[in-house]
Amino acid sequence: MTPIQECIRNKKVGSKPIWFMRQAGRYLPEFRKIRKLNKNFIKLCLDVNLSSKITLQPLKRFDLDAAIIFSDILMVPYGLGQEVIFKKNFGPELNSLNLETISEIKDSEFSKKLLPVYKSIKKVSKSKLVNDKDLIGFVGAPWTLLVYMINKCSPKRNLNKKFFKDKILIKETFEILDKFLKIHIKNQIKNGATIIQIFDSWAGLLENKYIEDYIYDRTLKLVNFIKSYKVPVICFPREIKNYEKYCKIIKPDVINIDYKTNPEKIIKKTDIVVQGGLDPKFLLTDKEKLKIEAKRYLDIFKDHPYIFNLGHGVLPKTNPQMLDYLIKFVKGYY
Ligand code: CP3
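Residues numbered from 1 in each chain as written. Predicted model: local features only at pLDDT ≥ 70, side-chain atom pairs only at ≥ 80, totals over all residues. Heavy atoms only, no water.

*Asks:* How do you make sense of the pairing of strand β2 (residues 84–87) when you look at a structure like this?
*Replies:* The side chains of a regular strand alternate, first on one face of the sheet and then on the other. Bridge count between β2 and strand β3 (residues 91–94): 4 bridges; the pairing is antiparallel. Bridge pairing links Lys-87 to Gly-91 in β3. Counting the residues between successive antiparallel strands, the hairpin from β2 to β3 contains 3 residues, one of them, Asn-89, with a positive phi of roughly 60°. (Pairing = 2+ DSSP bridges. Helix = DSSP H or I, 4+ residues; strand = E, 2+ residues; numbered from the N terminus.)

Below, the structure is given as C-alpha cells:
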C-alpha cells in the first residue's frame with residue numbers, strides 16, 4: 001500500500017506522507033520554459049505529452065508521495081462548451097453561460113473533449129516515477145464551479161451578487177454539474193487516479209443560509225459517488241466557517257485545512273484524517289522560519305493520521321530549494 005493509502009485506510013500515524021497543491025506550476029523553471037512556448041493554457045492541459053511531462057516534473061526533483069494531474073478545475077466548464085481563457089495577470093475569464101447550450105451537451109461529447117486529460121492520467125500512472133505512489137485526480141466542487149461559470153471571473157475581482165437571485169439558473173446549472181462532474185470523476189478513476197480531491201476554493205464566500213443547499217447537499221452527492229468506487233476522497237472547503245460541521249455532514253476520507261484554520265482545534269473535534277494547513281507564504285521566508293512552522297504542524301499531528309501539505313497552493317515566487325528543504329525536513333522528522 002502507498003504511504004498515503006496507509007495513512008488514510010489504516011489511520012497510520014508516525015512518518016507523514018507529503019505532496020503539495022500546485023506542485024507542478026510556475027515556481028518551477030522547467031514548467032515556465034514549457035509555458036512560455038504554450039500560451040494557451042487550456043490547450044496545454046489538453047496536450048497529453050506535455051501535461052503528463054509537467055505532472056511528473058516535481059516528482060523528478062523531489063521525494064513526494066503523490067503526483068497530481070496537471071489540469072484545471074475549469075476544464076469542466078470548458079468541456080461543457082463554455083469558453084475559458086487565462087489572461088496574464090488577470091486569471092481565468094469565461095464567456096457567458098448559456099443554459100440551453102450546456103443542457104444539450106451529450107456525455108460522449110463531453111468525454112471526448114476531455115479525452116486528453118484521461119489519456120494523460122493513464123500515461124502518468126504507467127510511469128516508474130509514480131510506482132508505489134498515488135496519482136491524484138480532482139474536480140472543483142459544484143459551488144466553486146458555479147461561481148466561476150456564472151460570475152465569469154474570479155470573485156476576488158468582483159462578485160456579481162445579482163446572480164444569487166436567479167434560482168432557476170442556479171438549480172439547473174447545479175444539476176448539469178452533478179451529472180458531468182460524476183462523469184469526469186469516473187473517467188479519471190478508470191484511467192488510473194487513485195485518490196480524488198474536491199477543491200471548494202470559494203466555500204468561505206457563501207452566506208450561511210445557502211450552505212446547506214449549495215455546499216453540503218451538492219458535495220455529499222459527489223463524495224458518496226467517489227466512495228462507491230472505493231477510492232478515497234479529500235475535500236478542501238477553503239475558509240469554510242465551520243470545518244467541524246462540514247466533516248460531520250460530508251464525511252470525507254480526508255479534510256484539507258486552510259492556513260487560517262486552527263490545527264489543534266480540528267483534531268480535538270474530529271478523528272478524520274487531516275491534510276495540509278501550512279501557510280504557503282512561509283516558503284517565501286527563510287529556512288529557519290519555515291522549519292519552525294512545519295515543526296508546529298508535525299508536533300500537533302504527532303498522534304493523528306496526517307498528510308503533509310499546504311493551506312493553499314505553492315506560490316509562483318517560491319524558490320524550489322525551499323520546497324526541497326521542507327520535504328527533507330518532514331521526511332526526517334520522526
Ligand atoms: O495542483 C496542481 O499542481 C495540479 C494542477 C492544478 C491547477 N489548477 C493548475 C494550474 C489544480 C489542482 C488546479 C485547481 C484550481 N484551478 C483551483 C482550485 C485550487 C485553488 O487554487 O483554489 C482553482 C480555483 C482554479 C482556477 C484557476 N486556474 C486559477 C484561479 C488560476 C490562476 C490564474 C493566475 O493567473 O494566477 C488557474 C491557472 C492555473 N491552474 C495555473 C496552474 C499551474 C497557472 C497557469 C499559468 O498561468 O501558468
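From this point, the discussion proceeds with the structure in view.
*Asks:* Can you walk me through the nonpolar core in this structure?
*Replies:* Most often, soluble globular proteins have nonpolar side chains that are buried together. Leu-80 and Phe-308 are the most contacted members of the largest nonpolar core, which totals 123 residues. The biggest single contributor to this core is helix α10 (residues 167–190), with 10 residues. Aside from chain neighbours lying at most four places away, what touches Phe-308 is Pro-17, Ile-18, Trp-19, Leu-278, Ala-294, Tyr-297, Leu-298, Leu-326 and Val-330. (Core = buried A, V, L, I, M, F, W, Y, C linked by side-chain atoms within 4.5 Å. Buried < 20%, exposed > 50% of the residue type's maximum accessible area, 1.4 Å probe, protein only. Contact = heavy atoms within 4.5 Å.)

*Asks:* Sorry if this is basic, but what is going on with the site of the ligand here?
*Replies:* Around the ligand lies a shell of 23 residues, among which Arg-22, Arg-35, Asp-72, Ser-201 and His-312 are the nearest. Take Arg-26: an N or O atom from its side chain is 2.9 Å from an oxygen atom of the ligand. Taking Arg-35, its side chain carries an N or O atom lying 2.7 Å from an oxygen atom of the ligand. Here the ligand has 880 Å² of accessible area as a free molecule, and 88% of this is covered by the chains. Per-class residue counts for the shell around the ligand are 14 nonpolar, 5 polar and 4 charged. (Near = heavy atom within 4 Å. Polar contact = N/O pair within 3.5 Å; in protein donor to acceptor, adjacent residues only side chain to side chain. Areas by Shrake-Rupley, 256 points an atom, 1.4 Å probe, with all protein chains shown as cover. Nonpolar A, V, L, I, M, F, W, Y, C, P; charged D, E, K, R; others polar.)

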